[in-house]
Amino acid sequence: MLQTTAYHAPLLEYSKELLHKPATSTIALLPPVVDMSSSRDDVCHAILDAGKEYGFIQVVNHGVPEQAIRDMELVSQEFFQLSAADKEHLYSEDTNKPTRFFSGTTFETGSDKYSMNTLRLAYSFPNGDSSNDWPSSPPRLREVAMKYMELTRGLGMELLQLLCEGLGLRSDYFEGDISRGDAALSLFQYPPSSDPSMTLGLPPHCDRNLITILLPSAVKGLQILYNGDWIDAQSVPNAFIVNFGLQLEVVTNGILKSIEHRVVTNSTVPRLSIGTFIHPTENCLIGPADEFLTEDNPPLYRAMTFGDFKHIYNVIKLGSSLNLTTNLRDIQENI
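Criteria and cut-off values
Once a new chain begins, its residue numbering starts again from 1 and follows that chain's sequence as written. Side-chain atom pairs in this predicted model are given and counted only at pLDDT of 80 or more, local residue features only at pLDDT of at least 70, and totals for whole chains, interfaces and linings cover all residues. Side-chain metrics in this entry use all non-hydrogen atoms of the structure; hydrogen atoms and water are not considered. UniProt positions are given in the numbering used here, feature names are shortened, and annotations may be inferred rather than shown by experiment. To qualify as a helix, a DSSP run of H or I must reach at least 4 residues; to qualify as a strand, a run of E must reach at least 2; elements of each kind are numbered from the N terminus. Buried means the residue's accessible area, taken with a 1.4 Å probe over protein chains only, is under 20% of the maximum for its type, while exposed means over 50%, and partly exposed covers the values in between. Using a 1.4 Å probe, accessible areas were evaluated by the Shrake-Rupley method; residue-level cover was limited to the displayed protein chains. Buried Ala, Val, Leu, Ile, Met, Phe, Trp, Tyr and Cys residues form a nonpolar core when they are joined through side-chain atoms within 4.5 Å. Two residues qualify as a contact provided that any one of their heavy atoms is within 4.5 Å of a heavy atom in the partner residue. Every helix has an expected span of 1.5 Å times one less than the residues it contains. As used here, the arc belongs to the directions running from the helix axis to the C-beta atoms. Here a pair means two rings of Phe, Tyr or Trp (six-membered ring of Trp) with centres within 6.5 Å. Their orientation is stacked below 30 degrees between planes, edge-to-face above 60, and tilted elsewhere. Criterion used throughout: strands pair if DSSP finds at least two bridges between them.

- As annotated in an unreviewed UniProt entry, the protein chain carries the name Fe2OG dioxygenase domain-containing protein and is attributed to Eragrostis curvula.
- The Sequence similarities (unreviewed entry) comment attached to the protein chain in UniProt states, word for word, "Belongs to the iron/ascorbate-dependent oxidoreductase family."

As structure tokens, this is what we get:
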């Protein structure tokens, strides 16, 4: 099912000027809105078209109850309002620890500092008891977060099935090991900064997983790289922003794109967002699907396990510029 190959592409680097370049406002609404109450064919085509162009969509009428969303927002705020002493036992800089609280980012970014506090909650699907490691305070966190994770993960799997229909893949392609790694629910808090133009909450990156379901903040901050400019992601009420991860780009042999994005801070108020991340298992071998390969369209990516991919793909310092390793073909060629 999965193929192995090597390939060529130019190195992609970004200067500090682009790193801190302000967003433009040439696009009124990004990502495109997909109404999931439309006909199945229309939804399939809308998701696929947006995935090819932007790598992001936002979905409405998605079936996740508004009460579950509001409860998740409230319990997240309650967690970040806990005293430092109440959160101290959760703090860890060990990126291999599934459930932890940390500040900054998981990326290797040299001397650059980023302003972000994160509670990461991991859970094994379809069965697991890893929620026992979740914080017991606030009192409703475990109950609310588990319900929210199940709902949003279900939405992610539904979107993957719709992508299968639009791409001509068998309907269960994204079931099994390719989506059965630990699901992660991350609560992100970005403290306010006196100089948002110089203080990023999260550096430019692409998500390494399969697909991400993000509940955006009412406070703007998410920006997407589009045609060489940072574009503010303007969400509509009760929408989820869906980000296609790098594994989708590999599987589709580049038909779908995983696009760089970043988070900027606000000068006066903190920003809260909540992401559900669907991962492959560590040993899952992932490469372009046979359905996308012909003599005229050879594999652009070589297959590797997800564990090896995570080890290789990271943001690294390279001289005076920041090499974002966005171009998968290039980074794999340098393995």
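**With respect to the overall build of the protein chain**
Step number 1: When helices and strands are tallied, the protein chain shows 8 helices and 16 strands.
Step number 2: Across the 335 residues in the protein chain, those meeting the buried criterion constitute 55%.
Step number 3: Only carbon and sulfur atoms are counted for the fraction: they give 48% of the accessible area of the protein chain, which is about 14600 Å².

**Describing the nonpolar core**
Step number 1: L159 and F174 are the most contacted members of the largest nonpolar core, which has 64 residues in total.
Step number 2: With 14 residues, helix α5 (residues 141–167) is the largest single contributor of residues to this core.
Step number 3: Setting aside chain neighbours within four positions, we find F174 in contact with M157, L160, C164, L169, S179, L210, L248 and V251.
Step number 4: Counting 19 residues, the second largest nonpolar core, distinct from the first, contains A184, F188, L222 and F277.

**Concerning helix α2 (residues 40–53)**
Every α-helical turn comprises 3.6 residues, leaving residues that sit three or four positions apart pointing alike.
Step number 1: A rise of 1.5 Å per residue sets the reference length of α2, with its 14 residues, at 20 Å; its end C-alpha atoms lie 20 Å apart and thus fit the reference within 8%.
Step number 2: When we look at burial in α2, the residues that qualify are V43, C44, I47, L48, A50 and G51. For α2, the angular spread of the buried residues around the axis is 170°, confining them to a single face. The exposed residues of α2 that point more than 90 degrees off its buried face are D41 and H45.
Step number 3: Next to the buried residues of α2 lie β1 (33–35), β2 (56–60), α5 and β10 (240–244).
Step number 4: Of the residues flanking the end of α2, it is G55, one or two places downstream, whose phi is positive at about 75°.

**Topic: the packing of aromatic side chains**
Centre distance and the angle of the planes are the two values used to describe a pair of aromatic rings.
Step number 1: Following the criterion strictly, the structure yields 9 aromatic pairs and no others.
Step number 2: Each ring, one from Y148 and one from F240, has its centre 6.4 Å from the other, and the planes form 55°; the classification is tilted. Here Y148, found in helix α5, pairs with F240, found in strand β10; they are 92 residues apart in sequence, far enough to count as distant.
Step number 3: Classification of Y148 as buried rests on a relative accessible area of 0%.
Step number 4: What makes F240 buried here is its relative accessible area of 0%.
Step number 5: Between the aromatic rings of F188 and F277, the centroid separation amounts to 6.4 Å while the plane-to-plane angle is 85°, which identifies the pairing as edge-to-face.

**A few points about the pairing of strand β7 (residues 211–215)**
Step number 1: Taken across its 5 residues, β7 has 5 buried, putting it largely inside the fold.
Step number 2: Alternating positions in β7 separate into two faces, I211, I213 and L215 on one and T212 and L214 on the other, with burial throughout.
Step number 3: Pairing of β7 with β10 involves 4 bridges; the strand directions are antiparallel. Paired with I213 across the two strands is V242, which belongs to β10.
Step number 4: Of the pairings in the sheet, the one linking β7 to strand β12 (residues 271–278) comprises 5 bridges and is antiparallel in character. Each residue of the ladder has a partner; that of I213, found in β12, is T276.

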